[in-house]
Amino acid sequence: MLRLTQAPNIAIATLWADLLCEAGMTASVQRQYLGAAAGHLPPDQCLPEIWLDYDEHATRARALLQELQDLPQRHWRCRCGETVEGGFEQCWQCGALMPRD
């Protein structure tokens, strides 16, 4: 087994592990309940970790996670003048939907 990386929270750790499993790599989330010990242990020791069952999957797994982190972010300008970033399809300022063109 190989510790691949730490995730900032359990939701992202689960997402990453599921992505790796869907790609044919056996991955698991460890330390998912250690967040309760934050304050008693160093913060970096309480983060969830992604572990691979097979060391030979490490290069491919790292590349896949990097691709996920490097996805381009969408930006669009609402008719009210607000710039909306990320995956949002509705303006937070006025509630207008993203144009479909």
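Residues numbered from 1 in each chain as written. Predicted model: local features only at pLDDT ≥ 70, side-chain atom pairs only at ≥ 80, totals over all residues. Heavy atoms only, no water.

As recorded in an unreviewed UniProt entry, the protein goes by the name DUF2007 domain-containing protein, listed as coming from Acidovorax carolinensis.

### What to know about helix 2 (residues 58–69)
Taking 1.5 Å of rise per residue, the 12 residues of helix 2 would be expected to cover 16 Å, and the 16 Å separating its terminal C-alpha atoms lies within 8% of that figure. For helix 2, the complete set of buried residues consists of A58, A61 and L65. Down the axis, helix 2 shows its buried residues gathered within 65° of arc, on one side only. Residues of helix 2 that are exposed and point more than 90 degrees away from the buried face comprise T59 and E67. (Helix = DSSP H or I, 4+ residues; strand = E, 2+ residues; numbered from the N terminus. Expected span 1.5 Å × (residues − 1). Buried < 20%, exposed > 50% of the residue type's maximum accessible area, 1.4 Å probe, protein only. Arc of directions from axis to C-beta.)

### Describing the pattern of salt bridges
A complete count under the given rule lists 4 salt bridges for this structure. Here E49 ties to R31 by a salt bridge, and the two come within 3.1 Å at their closest N and O atoms. Of this pair, E49 sits in strand 3 (residues 49–52) while R31 sits in the loop between strand 2 (27–30) and strand 3, and the two are 18 residues apart along the sequence. Under the relative-accessibility criterion, E49 is labelled buried at 3%. Salt-bridge contacts for R100 lead to E89; the nearest nitrogen and oxygen are separated by 3.6 Å. Of this pair, R100 sits in the segment after strand 5 (83–85) while E89 is found in the segment after strand 5, placing the two residues 11 residues apart along the sequence. With a relative accessible area of 37%, E89 lands in the partly exposed category. Via salt bridges that share partners, R3, R31 and E49 belong to a single interconnected network. (Salt bridge = Lys/Arg side-chain N within 4 Å of Asp/Glu carboxyl O.)

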